[in-house]
Amino acid sequence: MTPVLGEIWVYLSATPLLGLTLTLLAYQAALWLYRRANHHPLLNPVMLAVIMLVLVLSVTDTSYETYFDGAQFVHFLLGPATVALAIPLYAQWGRLRSMLVPLLATLVAGSLTAALSAVGIAALLGASRESMMSLAPKSVTTPIAMGVAERLGGLPSLTAVLVICTGILGAICARYVYRMLRIDDHAVRGFAIGIASHGIGTARAFQVSEQAGAFAALGMGLNGLLTAASLPWVLPWLERLTG
């Protein structure tokens, strides 16, 4: 590290600007690589940015608390950004009304499948109850997922990691799954990835089209509500049923 860079690092590390600066630089670098690779799904910018941040924090021995002092400013913007998703959704209001019944059926099927399949596979592999309850809400946005996991008796910190992994995996694999199933409708594609891969999948959908992004935002929001309302009683009921 050159003396100039060393001085900049010392200054940033003593202020809340450290986390904010690292986050923005990492994402911009990841986005540049993603665009240079012609939007290859394996170079998902969120995944690359996370890897970069982990490496920098590990090499510099910077604690997560120090990092989050600045990153919390980006975290705060998640609220307004989520509310703003209503704008493109309103533009698709006509299409939304015509697809209301299929969308509701897809929501219930997708939400329950995402949670129950994860718990079922984990049970077959011998996972502990705590791990299974942490895994169940993996397909909803992080704040809701952590709250649901805590209520079910899981580990919120583990759930947060699983949610991010789910979102990245969905954003990477969705294109190939849609091609294999010959699904071309952007509304259908968007709603499905919103249910399965929450915010990261929604961001990927907006890169495809505004319609895909709008329906992904709808799927993400409705799946969060349904999961928060249903899992706390569905999973205990299944536990009693299976003995």
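These numbers were taken from a predicted model, which means no experiment stands behind them. (Residues numbered from 1 in each chain as written. Predicted model: local features only at pLDDT ≥ 70, side-chain atom pairs only at ≥ 80, totals over all residues. Heavy atoms only, no water.)

**A few points about the overall build of the protein chain**
Helix and strand content of the protein chain: 13 helices and zero strands. Secondary structure elements in the protein chain, listed N-terminal to C-terminal, are α-α-α-α-α-α-α-α-α-α-α-α-α. The C-alpha atoms of the protein chain give 20 Å as radius of gyration, which agrees with the globular expectation for 243 residues (18 Å, within 12%). Dimensions of the protein chain, computed from the C-alpha atoms along their principal axes, are close to 65 × 45 × 30 Å. (Helix = DSSP H or I, 4+ residues; strand = E, 2+ residues; numbered from the N terminus. Rg over C-alpha atoms; globule rule 2.2 N^0.38 Å.)

**What to know about the UniProt feature "transmembrane region" (unreviewed entry) in the protein chain**
Within this structure's numbering, the places UniProt gives as "transmembrane region" (unreviewed entry) are residues 12–34, 41–60, 72–91, 103–125, 158–178 and 212–235. The straight-line gap between the two end C-alpha atoms of residues 158–178 is 29 Å; of that span, 100% is helix and 0% is strand. (UniProt positions renumbered as here; feature names shortened; annotations may be inferred.)

**Re a nonpolar patch on the surface**
Together, V50, V54 and I164 make up a nonpolar patch on the protein surface, roughly 210 Å² of accessible area in all. By the element assignment, V54 lies in helix α3 (residues 45–59). Overall, V54 belongs to the partly exposed group, its relative accessible area being 48%. (Patch = residues over 30% accessible without salt bridge, like charges linked within 9 Å, V, L, I, M, F, W, Y side chains within 5 Å. Areas by Shrake-Rupley, 256 points an atom, 1.4 Å probe, with all protein chains shown as cover. Salt bridge = Lys/Arg side-chain N within 4 Å of Asp/Glu carboxyl O. Buried < 20%, exposed > 50% of the residue type's maximum accessible area, 1.4 Å probe, protein only.)

**A short note on helix α4 (residues 64–76)**
For α4, with 13 residues, the first-to-last C-alpha span of 17 Å sits near the 18 Å given by 1.5 Å per residue. Here the buried face of α4 lies against α2 (17–36) and α3. (Expected span 1.5 Å × (residues − 1). Contact = heavy atoms within 4.5 Å.)

**Looking at the domain arrangement of the protein chain**
When cut into domains, the protein chain gives domain 1 (3–71) and domain 2 (88–242). Using C-alpha coordinates to define each centre, domain 1 is positioned 28 Å away from domain 2. If you look at the interface, domain 1 gives eight residues, while domain 2 gives eight residues. The junction of domain 1 with domain 2 conceals about 760 Å² of combined surface from both sides, 65% of it contributed by carbon and sulfur atoms. Three residues, Y34, P41 and N44, lead the burial of domain 1 against domain 2; their summed loss comes to 52% of the area buried on that side. Here domain 1 is connected to domain 2 by zero salt bridges. For the pair domain 1 and domain 2, the number of links is two residue pairs in polar contact (both at pLDDT 80 or more). For the side of domain 1 that touches domain 2, a count of residues per class yields five nonpolar, three polar and no charged. (Domains from an automatic or database assignment. Buried area = accessible area lost by both parts, 1.4 Å probe. Polar contact = N/O pair within 3.5 Å; in protein donor to acceptor, adjacent residues only side chain to side chain. Nonpolar A, V, L, I, M, F, W, Y, C, P; charged D, E, K, R; others polar.)

**Observations concerning unusual backbone geometry**
Glycine aside, residues mostly have negative phi, and peptide bonds are mostly found in the trans state. A positive phi is found at D61, a non-glycine position, where the angle reads about 55°. With respect to the helices, strands and loops of the structure, D61 is situated in the loop between α3 and α4. With phi around 40°, H198 is a residue other than glycine that occupies positive phi space. Assignment of secondary structure puts H198 in helix α12 (residues 186–208). By relative accessible area, H198 is classed as buried at 4%.

**Points about the packing of helix α10 (residues 142–152) against helix α11 (residues 156–181)**
Each pair of packed helices can be summarised by the angle the axes make with each other and by the distance between the axes. Between α10 and α11, the shortest axis-to-axis distance is 8 Å and the interhelical angle comes to 140°. Taken together, the axes of α10 and α11 lie oblique to each other. The two elements α10 and α11 cross, and the hand of that crossing is right-handed. Contacts between α10 and α11 pair T142, A145, M146, A149 and E150 from the former with P156, T159, A160 and V163 from the latter. Broken down by class, the residue content of the contact of α10 with α11 amounts to six nonpolar, two polar and one charged. (Axes fitted to C-alpha atoms, helices over the stretch in contact; angles between N-to-C directions. Parallel < 35°, antiparallel > 145°, perpendicular 65-115°, else oblique. Left-handed = near helix turned anticlockwise from the far one by under 90°.)

**Digging into the packing of α2 against α4**
Across the interface, α2 lies against α4 with an axial gap of 5 Å and an inter-helix angle of 65°. The element α2 and its partner α4 pack so that their crossing is right-handed. Here L18, G19, L20 and T23 of α2 come into contact with α4, specifically with T66, Y67, G70, A71 and V74. Of the residues belonging to the contact of α2 with α4, the class tally is five nonpolar, four polar and no charged.

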